[in-house]
Protein chains: 2
Amino acid sequence: MMTYTCGVASTTKNFSRSTNSQLSLLKKNYDRYRFYIHFQLNEQLKCLEQRIETQLAIVNEIQEYFRRRADVEFDYAKNLDNLHKQIGQKHRAQKARRETWIFQSIYKLWDTIVQDTRTHVKYHTIMSDVCGKYMYDKFNEIAEDTRRMFMKCKSVGLASHEEIYKVLNELKSTMKTYHQYQSESKQAEQKLSNILQQMAKIKSAKKQKTMEKRVEKRQMKYTETKVKAFKARNDYLMTIESVNAALQKYCSDDVPDLIDCMNFGFHTSIAKCIQMYLSAQENIKRGRQITIETLNRAIADLDTVVDKQKYLEYYLTVFTIPKKIKFEPHKGDEVSTVNAQVLIRDEMQSRFIQIQNRLAALKTENDE
Amino acid sequence: MMTYTCGVASTTKNFSRSTNSQLSLLKKNYDRYRFYIHFQLNEQLKCLEQRIETQLAIVNEIQEYFRRRADVEFDYAKNLDNLHKQIGQKHRAQKARRETWIFQSIYKLWDTIVQDTRTHVKYHTIMSDVCGKYMYDKFNEIAEDTRRMFMKCKSVGLASHEEIYKVLNELKSTMKTYHQYQSESKQAEQKLSNILQQMAKIKSAKKQKTMEKRVEKRQMKYTETKVKAFKARNDYLMTIESVNAALQKYCSDDVPDLIDCMNFGFHTSIAKCIQMYLSAQENIKRGRQITIETLNRAIADLDTVVDKQKYLEYYLTVFTIPKKIKFEPHKGDEVSTVNAQVLIRDEMQSRFIQIQNRLAALKTENDE
């Protein structure tokens, strides 16, 4: 019996040994797998963090561009403003010397050009403020929001990892239990088989009777371990399913969802921010259009005729036609109009006749 | 006779004296008038020269505005260009660290914003060139043309003045001649009248006969001087007309014509010049519109989904779903699927029956 027992014991030991070696190999594989999963999940989070850092670096570059653009716009507006102011100062200083400028329509044009500068001062100052203040703050907000959102998503991701690690731990224990119970079940089966073989060899009915109780006990043990092994296999299989499903779900659904979540509103916010810039550009565009319209009107108002009239009116004394020269008659000369030669002759003729008559009269007088 | 002669002589002297005093007064008036005309005509030319100087001063101010505006535009373009270049340099320097930027559509947006800067560099450089070179040269041309035109007009004006001075000189001489001839005519008339009175007193026919010749001579002299006086009056009157007409024409027609001529093409040239500026403004406006359209497109191209896909594709190894865990069956366990409890029971039941049958068989064997 000892040999049987021994035999049984030996077989059980063999079972145990092979089970242990298989289990330790599986445990090693499991540990390697768990390490790999842990590594990959962490890599993914690191990768997502890097992605966010990349996005924030680009946002930072965009912000930096607009911060420096704000300086450029500010300088431009400042220089235009100086131009406008200095010309205004010079004009006020020379006001007295320039009092006749108002009679020139190009003065109006010049003034329009100078005053129009302020349109650009205004719109480029707005642009500077938009780029350097509003957009700058907005980009800071976007960066903060993105970081906050990432931290939340990261914690959600880490919670998912914990869930995965939990089922992985379950996997380890169910695997262990399965192999242990399988091993126990095999041992019980072997023991049952052994006792049945022993019983077959026993011929005495009494001995058989006593053996029956032991067979029944082993039968019970076998059934019990078999059921446990079945249950353990089911648990193991279902845990495998759980792990696979969890990893599948995490990688296929959760990670893309996390990415979506991390960038929720990111592009919209940036687009809105850039729209502020575009609206400032729209202003500038409108400003340029105003200039075009204003100066076109000023050009159309250039008027040589009106200029001349205003000028001649202002210098009326200089340009007045001098008084007409009047005829200064010789004392006693009562004729003050031009006489045609014929008229002179007629007059001469009549005077001649008159004088001849007088002469004749004188002669007659003398003759008498 | 002496007394008569004396009388006549005395009367002639009186005539002469009064004529001389009237003439010298008229000459004085004439000189004053001529001086006034000379002064006024010169004043007019001075005034016109001042007007041109005013116009050129305004043109110079406009030119100065655009010269300084060119500097402002140049600085703006230069600063924008620096901004673009420095960002480009930084990006090239950090290229390696930024290799994952391409997976972000905001990188495209950033790049578009940076590259778009060149649009403004381009159009504001053109503006600077237009204001500082083309317009500057054009304004110089306008100033030169205006000055040249003025000099021509001035010489035309001076020629007109000479014409006026010529008729004024004629006026002086015709006035002098008129008064002189009138005086001579009056003297001849007086002498004729005297001799006729003397002849009336002579009773001797012989003496009368000798007197007749003298009367005839004086008659001839009278007629001759009378005709000359008439002619002189006509000349004088007509010269007065000429002077008045010349002055009237000069002031009413020539001066306005000169003003027109001096400014011929002046406003048109300035308008054309300003149109160059407006065309540069139109460019800038178009540039701003390009920015608005380009960036709107870049904003519309922001795509979270594509970004995510590109990213996941690039980091495929990191985000690949780990290999499914496979069921590691216990040695000899051939079931690798989950069994429902019922199935296990059925199997157990059948095994139980099988084992019982075997037991029964063993019993029977033993009983035999």
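Just so it is clear, the structure is predicted and the values come from calculations on it, not from any experiment. (Residues numbered from 1 in each chain as written. Chains lettered and ligands numbered in written order. Predicted model: local features only at pLDDT ≥ 70, side-chain atom pairs only at ≥ 80, totals over all residues. Heavy atoms only, no water.)

Caption draft 1: Inspection of the side chain of Asp307(A) at higher detail. When you line up the elements, Asp307(A) lands in helix α5 (residues 304–314). One buried charged side chain, Asp307(A), makes no salt bridge at all; its nearest oppositely charged neighbour is Arg51(B), positioned 4.7 Å away. A distance of 3.0 Å separates the side chain of Asp307(A) from the side chain of Ser105(A), its partner in a polar contact. Every residue in contact with Asp307(A), bar those within four places of it in the chain, is listed here: Phe103(A), Gln104(A), Ser105(A), Arg51(B) and His267(B). (Helix = DSSP H or I, 4+ residues; strand = E, 2+ residues; numbered from the N terminus. Buried < 20%, exposed > 50% of the residue type's maximum accessible area, 1.4 Å probe, protein only. Lys, Arg positive; Asp, Glu negative; His and termini not counted. Salt bridge = Lys/Arg side-chain N within 4 Å of Asp/Glu carboxyl O. Polar contact = N/O pair within 3.5 Å; in protein donor to acceptor, adjacent residues only side chain to side chain. Contact = heavy atoms within 4.5 Å.)

Caption draft 2: The relation of the copies chain B and chain A, seen in detail. The transformation that overlays chain B on chain A combines an axial shift of 0.1 Å with a rotation of 180 degrees, and the residual RMSD is 0.3 Å. Taken together, the turn and the small shift mark the pair as related by a two-fold rotation axis. No C-alpha of chain B approaches the rotation axis more nearly than that of Lys285(B), which lies at 2.2 Å. Here 99% of the contact residues of chain B are again contact residues in chain A; the copies associate through an equivalent surface. (Least-squares fit on C-alpha atoms with pLDDT ≥ 70 in both.)

Caption draft 3: Just the packing of aromatic side chains, in detail. Here the structure, examined in full by the defined rule, presents 27 aromatic pairs over all chains. Taking the centre distance of 5.9 Å and the plane angle of 35 degrees together, the rings of Tyr107(B) and Trp110(B) count as tilted. Of this pair, Tyr107(B) and Trp110(B) both sit in helix α2 (residues 105–201), separated by three residues, roughly a single helical turn. No difference in accessibility class separates Tyr107(B) from Trp110(B), as the two residues are buried. An aromatic cluster is defined as three or more aromatic residues linked by ring pairs; in this entry it consists of Phe103(A), Tyr311(A), Tyr314(A), Tyr315(A) and Phe319(A). Above the plane of the ring of Tyr181(B) lies Lys228(B), whose end atom (NZ or CZ) is 4.5 Å from the centre. The ring of Phe230(B) has Arg233(B) sitting right over it, with the charged end atom 4.7 Å from the ring centre. (Phe/Tyr/Trp six-rings, centres within 6.5 Å; stacked < 30°, edge-to-face > 60°. Lys NZ or Arg CZ within 6 Å of the ring centre and 35° of its normal.)

Caption draft 4: Structural context of the pattern of salt bridges. Residues and elements named next belong to chain A. For the structure on display, the rule yields 36 salt bridges over all chains. Of the charged contacts, one joins Asp75 and Lys78 as a salt bridge, the two residues approaching to 3.8 Å between their closest N and O atoms. Highlighted residues: Asp75 and Lys78, both in helix α1 (residues 2–93), separated by three residues, approximately one helical turn. Given a relative accessible area of 28%, Asp75 falls into the partly exposed group.

Caption draft 5: Summary view of the nonpolar core. Leu48(A), Leu168(A), Leu171(A), Tyr311(B) and Phe319(B) are the most contacted members of the largest nonpolar core, which has 39 residues in total. Listing elements by their share of this core, those giving two or more residues are α1, α2 (105–201) and α3 (205–262) of chain A together with α5 (304–314) and α6 (316–319) of chain B. Take this core: its biggest share by element is twelve residues, from α3(A). Excluding anything up to four places from it in sequence, Leu171(A) contacts Tyr30(A), Tyr236(A), Thr239(A), Ile240(A), Val243(A) and Ile325(B). Ranked by size, the runner-up nonpolar core spans 38 residues in total, among them Ile325(A), Ile52(B), Tyr250(B) and Cys251(B). (Core = buried A, V, L, I, M, F, W, Y, C linked by side-chain atoms within 4.5 Å.)

Caption draft 6: The arrangement of α2(A) in detail. A rise of 1.5 Å per residue sets the reference length of α2(A), with its 97 residues, at 144 Å; its end C-alpha atoms lie 138 Å apart and thus fit the reference within 8%. Val130(A) marks where α2(A) bends most, by close to 35 degrees. (Expected span 1.5 Å × (residues − 1). Bend = angle between axes of the 7 residues up to and from the residue.)

Caption draft 7: Fine view of the interface of chain B and chain A. Each side of the interface is counted separately: chain B has 153 residues, and chain A has 152 residues. Run the count over chain B and chain A and you get eight salt bridges. Put simply, Lys90(B) and Glu61(A) hold a salt bridge, and the shortest N to O gap is 2.6 Å. Counting across the chain B and chain A interface gives 57 residue pairs in polar contact (both at pLDDT 80 or more). Elements supplying a minimum of two residues to the side of chain B that touches chain A: α1 (2–93), α2, α3 (205–262), α4 (266–300), α5, α6 and α7 (341–367) of chain B. The leading source of residues in the side of chain B that touches chain A is α1(B), at 35 residues.

Caption draft 8: Fine view of the side chain of Thr174(A). With respect to the helices, strands and loops of the structure, Thr174(A) is situated in helix α2. At a separation of 3.0 Å, a polar atom in the side chain of Thr174(A) contacts the main-chain carbonyl oxygen of Leu171(A).

Caption draft 9: Structural detail: the packing of α2(B) against α3(B). All names here are of chain B. Following both chains from N to C, one finds α2 and α3 inclined at 160 degrees, their axes separated by 6 Å at the closest point. It follows that α2 is roughly antiparallel to α3 by the angle criterion. Between α2 and α3 lies a crossing of left-handed hand. Here the contact of α2 with α3 is composed, by residue class, of 30 nonpolar, 15 polar and 13 charged. (Axes fitted to C-alpha atoms, helices over the stretch in contact; angles between N-to-C directions. Parallel < 35°, antiparallel > 145°, perpendicular 65-115°, else oblique. Left-handed = near helix turned anticlockwise from the far one by under 90°. Nonpolar A, V, L, I, M, F, W, Y, C, P; charged D, E, K, R; others polar.)

Caption draft 10: Fine view of the confidence of the model for chain A. All names here are of chain A. Per-residue confidence for chain A averages 87 on the pLDDT scale, and 90% of its residues sit at or above 70. Within chain A, no element has a lower average pLDDT than helix α7 (residues 341–367), which sits at 67, and none a higher one than helix α4 (residues 266–300), at 96. The model gives residues 1–10 a pLDDT under 50, and that stretch makes eleven contacts with residues more than four places away or in other chains. (pLDDT = per-residue confidence, 0-100.)

Caption draft 11: Layout of the packing of α3(A) against α5(B). At a minimum axis distance of 11 Å, the contact between α3(A) and α5(B) shows a crossing angle of 130 degrees. Relative to α5(B), the element α3(A) lies oblique. In this structure, the crossing between α3(A) and α5(B) has a hand that is right-handed. Touching Pro256(A), Ile259(A) and Asp260(A) of α3(A) are Lys308(B), Tyr311(B) and Leu312(B), all from α5(B).

Caption draft 12: Layout of α3(B). With 58 residues, α3(B) extends 80 Å between its outermost C-alpha atoms, agreeing within 8% with the 86 Å of an ideal straight helix rising 1.5 Å per residue. Of all the bends in α3(B), the greatest measures close to 40 degrees and is centred on Tyr250(B).

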